[in-house]
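Listed here are the chains, written in short residue letters.
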Amino acid sequence: MEGRWTKLALQAWVALLLVFLFTPILLIFIYAFNTSNIESWPIPGLTLKWFSSTWNDPDVRSSLELSLRAGLTATALALLLGSSAAFAIHRLTFFGREVVSLLFVLPLALPGIITGISLNAFFSFNGISLSLWTIVIGHTTFCIVVVYNNVLARLRRTQGSLIEAAMDLGANGFQVFRDITLPLISTAVVAGGMLAFALSFDEVIVTTFTAGAQNTLPLWIFGAIRLGQRLPEVNVVVSFVILVTIIPVVIAARLTGGGGVARVQAGR
Amino acid sequence: MSSPGRPSWVRLGCLLAAAVVAATACGSNTSTGGSTLQQPPTATVKPPTAVGAGEGQLNLIAWEGYVDDSWVKQFTVQTGCVVNAKYAGSSDEMVSLMKDGGGGQWDMVSASGDADLRLIYSGDVKPMNEKLIPDFTNFQTYFQAPPYNTIAGIHYGISLQWGPNMLLYSTKKFVNPPTSWSVIYDANNSGLVTVPDNPIQIADAALYLMKTQPKLGIKDPYELTKVQFDATVALLTKQRPLIKKYWALASDEISLFQNGDVVVGAAWPYQTIQLKLAGAPVDDTIPTEGATGWGDTWMLATKAPHPNCAYLWTQYVSTPKVQAEQALFFGETPVNSKACAEMEALQTGSCAQYHADKGSAYFDTIKFWKTPIAQCGDGSNNCIPYDQWVSAWTTIKG
Amino acid sequence: MLLLTPPMAWFVLIYLASLVLLLITAFWSIDPFTTQIVQVWNTSNFERILTEPTYRTIIGRTVLMAALVTVTDAVLAFPFAYFMARVASRRVQTFLFASVLLPLWASYLARVYAWILILNHSGLLNWSLQSIGLPPANIGYTNVAMWVVFSYIWLPFMIIPVYSALERVHESLLEAAADLGARRWRAIRDIVLPLALPGVAAGSIFTFSLTLGDYITPILVGGAGSQFIGNVVYANVGIANNIPFAAALAVVPVAIMAVYLLIAQRLGAFEAL
């Protein structure tokens, strides 16, 4: 449908943007082999020593473990709370529904530092000491929103007639949910959960204010950056995370982007 | 190694003690309802008389370069205390992290003189028992009970190391070492200067004006009247276009010099050592106007969750060998008089280089960090207190 | 309604309560020496922010940067998202979508730090320019660097909603426009662009608010003139321990975002999130 020149121009644009997006990531990979612990261009030399030192570094392991635990817990909570909120908003029409919608956008719409300092003030005001649980609370707050948005968007696109038809055929509420609704929204739930986990895993601003003496991976990275002694270790860890997540990301892409919503053709 | 001459130390000590007394007496005037007691809030907390078994973990707030694996690994092997360090780049950051007695998270903080009194008077640190530290008796006399961490005979921490803020320069740009701080105020170096992003930096500018504008009558760079303060802020505002970046993280400054973004700036000796290790053509010096500096203390948080590990750590870093290792790593001077020999063994000439053997002459040239308060040394009450330094600093940076 | 109770409870009890607490704190002050909070009601923090020119400069600079980054990302994202949604084959679509998501998994800190490597005095950018005979750009540690890095970091957050919105545009609409005699560009301008607007609005919520409150990028990548709302708030919380003042300053981005959200809602952004 598009003219040849338009198509070519678009392809060039896409290619350039891909270069733009991935150059820093390529640099991260390359500098994991840096012989010097100060990052400067061009790279002075290549070495494999940082891989073993990262593997043996107890700080890396404990912060990675903490990030995983916090992320999984926050995602689980978010899936529960976010999905139920999406269902409720979709089905009900009540006074203040707009306000509730706005409320659920706030954690993502307000800058992270505000969420961070308010939660910190809240915890210290109520004498709650900082721990894994305060980190989880901080992360869950925006993870709920991500899941909520994904599930609600999918619910809005689901045809209500399917549910009506099922009920006409005699299915009770639970059966409708299990056999009709759940399969239809499952990909949205999974995609929302993955995005929530990704946001939690890489979160640094809110976590700075809600973590005590514990380090999640981003906090460890920030400490390593400020110290400047073991920068290539940061690159090793980040490269490792990128490689490990390629498969899940491709799966998520298929679920929400590529295969999830078919391009609407002309004529129903 | 000869111990430093007593008179100069005592003189400085008296000045600091006067400031402390002034703070306590005057505190209630400057605050709006908050109290600054005669006695610090934790004065009555009795420190332990013996060190128990280690709890397996130690959470420290420290300057970048103060908790290096080269001596920390051995500590963990010996005591089983795993060290978890959070780095802070300024005294303000340390005070902030330590609020509410460390929040039940942090055990110790390596605070400098300008943070100590604030920590003590907000009750965030508690007294330590110096008898539990065997090397304490080997400390240079002044550092056993400096006025910034010892009040009415009670030790709110154990002294650690001390050192100056240096002028760091690129040897490519400055073939002859600069002799004056004027280079960082010189328009010829526009866009090539860096200084710490820390309000206490105002004192460095005041120190420069002490020598270059004696008519202002600045006697102490931390005690500035309104006229003196305004002149200093004016100098810093003039400097602002010359600054490439105000460094907040030690690694920032190392990057800036390594990549050629700046050629001169104010630094800790740590940055110079790291840059030289990486082969960068830099060197540092103390110009004729003198330098500001810091005297650091390991203080124990009021709500420290691992007090035994904390004491074991303090014992460990007070030993001559570790004092020497840290001094050489960071580029500072140990408080343990026995460390000089260890420093010589590790690096010949280092004892003299870091003045671990010099007496009061070197010590006197350094204007140690202390919290600016309204009470001036001469008894008058019109010096600018620190919170105005903080807001002035934000305005200077623009 | 039962389903709504636990999430609402969470939000109200924890999140809203903490925001309200922050707002209250903005009206207190601190004891200058001990930095303990003094709970005496006053408006001095707000007066300072409104009257001192420094803070007006900082707020202005931040809002301008946020707007610039938003516009830049919208311009960069639109052709990319258009290609993904309407031109690319299914396989390419999946590949591109994965490529946009993947950077979000590479630590934000590490990516920002990599930009320092690119932009500094002897970094990749200057080296590339000089090796083809051009003068060095020397944009390291300047607000231009901030603009580049911010646009880079938030780009995926703009591409995804725009792509979602473009995907839902019925092909039939464009065919109808063609039948009525409109050329391709006219159809894009009059049909596609307005329908994609909610997606752009949704993406802009992210780019605008994330820029408004970020302090890490200014600390790492910024130079002397890079004081933004985010780092002044951070400096007052994490360093000066003047939480009342930080809270007062934090009210500014909250107010700005409240206005922005109202506008975005009108543009249909909430359906396109």
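Residue positions within a chain follow its written sequence, with the count starting from 1. Think of it this way: whatever chain is written first is A, whatever ligand is written first is 1, and the rest follow in order. Where totals are concerned, whole chains, interfaces and linings use all residues; where local detail is concerned, this predicted model gives features only for residues with pLDDT of at least 70, and gives and counts side-chain atom pairs only at 80 or more. With hydrogens and water excluded, all non-hydrogen atoms of the structure serve as input to the side-chain values.

Draft legend 1. Layout of the confidence of the model for chain A. The predictor attaches a confidence to each residue, and that confidence, scored 0 to 100, is pLDDT. Of all residues in chain A, 94% attain a pLDDT of 70 or more, and the chain-wide mean is 85. Contact definition: two residues touch when any of their heavy atoms are within 4.5 Å. Low pLDDT (under 50) marks residues 258–268 of chain A, which in the prediction has 25 contacts with non-local residues, meaning those over four places away or in another chain.

Draft legend 2. Just the pattern of salt bridges, in detail. Any carboxyl oxygen of Asp or Glu that lies within 4 Å of a side-chain nitrogen of Lys or Arg is treated as forming a salt bridge with it. Tallied over the entire structure, the rule returns 18 salt bridges over all chains. With its nearest N and O atoms 3.3 Å apart, the salt bridge here joins A:Arg69 to A:Glu65. In this pair, A:Arg69 and A:Glu65 are both assigned in helix α3 (residues 58–91), four residues apart and thus about one turn of the helix distant. The class of A:Glu65 is partly exposed, set by a relative accessible area of 43%. B:Lys321 is paired through a salt bridge with B:Glu325; the nearest N and O atoms lie 3.0 Å apart. With a gap of four residues between them, B:Lys321 and B:Glu325 both fall in helix α11 (residues 320–330), about one helical turn apart. Under the DSSP-based scheme used, a helix requires at least four consecutive residues in state H or I and a strand at least two consecutive residues in state E, with every element numbered from the N terminus. Accessible area is worked out with a 1.4 Å probe on protein chains only. A residue is then buried under 20% of its type maximum, exposed over 50%, and partly exposed in between.

Draft legend 3. Structural view of a nonpolar patch on the surface. Residues and elements named next belong to chain A. Patch building starts from residues that exceed 30% relative accessible area and form no salt bridge, then joins like charges within 9 Å and nonpolar side chains (Val, Leu, Ile, Met, Phe, Trp, Tyr) within 5 Å. Each accessible area is a Shrake-Rupley result for a 1.4 Å probe, and residues are judged covered by the shown protein chains and nothing else. Nonpolar side chains collect at one region of the surface, where Leu26, Ile30, Phe33, Leu46, Leu48 and Phe51 lie side by side and expose about 580 Å² of accessible area between them. With respect to the helices, strands and loops of the structure, leucine 46 is situated in the loop between α1 (4–30) and α2 (49–56). On the basis of relative accessible area, leucine 46 is assigned to the exposed category, the value being 62%.

Draft legend 4. The arrangement of the packing of aromatic side chains in detail. All names here are of chain B. Each aromatic pair joins two rings of Phe, Tyr and Trp (for Trp, the six-membered one) with centres within 6.5 Å, and gets the label stacked for planes under 30 degrees apart, edge-to-face for over 60, and tilted for any other angle. If you walk through the whole model with that rule in mind, you get 49 aromatic pairs over all chains. Residues phenylalanine 229 and tryptophan 389 carry aromatic rings whose centres are separated by 6.0 Å and whose planes lie at 45 degrees to one another, so their mutual orientation is tilted. Here phenylalanine 229, found in helix α7 (residues 226–239), pairs with tryptophan 389, found in helix α15 (residues 386–397); they are 160 residues apart in sequence, far enough to count as distant. For the pair shown, phenylalanine 229 and tryptophan 389 are each scored as buried. Taken together through their ring pairs, the aromatic side chains of Trp63, Tyr66, Trp71, Trp247, Trp268, Tyr270, Trp294, Phe329, Phe330 and Trp369 make up a single cluster.

Draft legend 5. Fine view of the interface of chain B and chain C. Every contact between the two is made by 38 residues of chain B and, on the other side, 36 residues of chain C. Remark: the boundary between chain B and chain C carries zero salt bridges. Side-chain atoms alone can form a polar contact between residues adjacent in sequence; in general such a contact is a pair of N or O atoms within 3.5 Å, and within protein one must be able to donate a hydrogen while the other accepts it. Counting across the chain B and chain C interface gives twelve residue pairs in polar contact (both at pLDDT 80 or more). Elements supplying a minimum of two residues to the side of chain B that touches chain C: α1 (6–30), α3 (91–97), α4 (113–121), β10 (243–247), α8 (250–258) and α15 of chain B. The element that contributes the greatest number of residues to the side of chain B that touches chain C is α15(B), accounting for six residues.

Draft legend 6. Spatial organisation of the state of the cysteines. Residues and elements named next belong to chain B. Cysteine sulfur atoms that pair up within 2.5 Å are treated as a disulfide. Applying the stated criterion across every chain, the model contains three disulfides over all chains. Here cysteine 340 engages in a disulfide with cysteine 351; their sulfurs sit 1.7 Å apart. Where cysteine 340 bonds to cysteine 351 through sulfur, the torsion about that S-S bond is close to -115 degrees, and the disulfide is left-handed. Residue cysteine 340 is located in helix α12 (residues 339–346), and its partner cysteine 351 is located in helix α13 (residues 350–353); the two are separated by eleven residues in the primary sequence. Cysteine 351 gets classed as buried once you look at its relative accessible area, which sits at 3%. When the bonded cysteines of chain B are counted from the start of the sequence, the pairing works out to 1-2, 3-4, 5-6.

Draft legend 7. How the structure looks around the side chain of C:Ser99. Looking at the secondary structure, you find C:Ser99 in helix α4 (residues 90–101). For C:Ser99, a relative accessible area of 7% gives the class buried. Separated by 2.7 Å, the side chain of C:Ser99 and the backbone oxygen of C:Phe95 make a polar contact. With residues near it in sequence (within four places) discarded, C:Ser99 still touches A:Leu18, A:Leu21 and A:Phe22.

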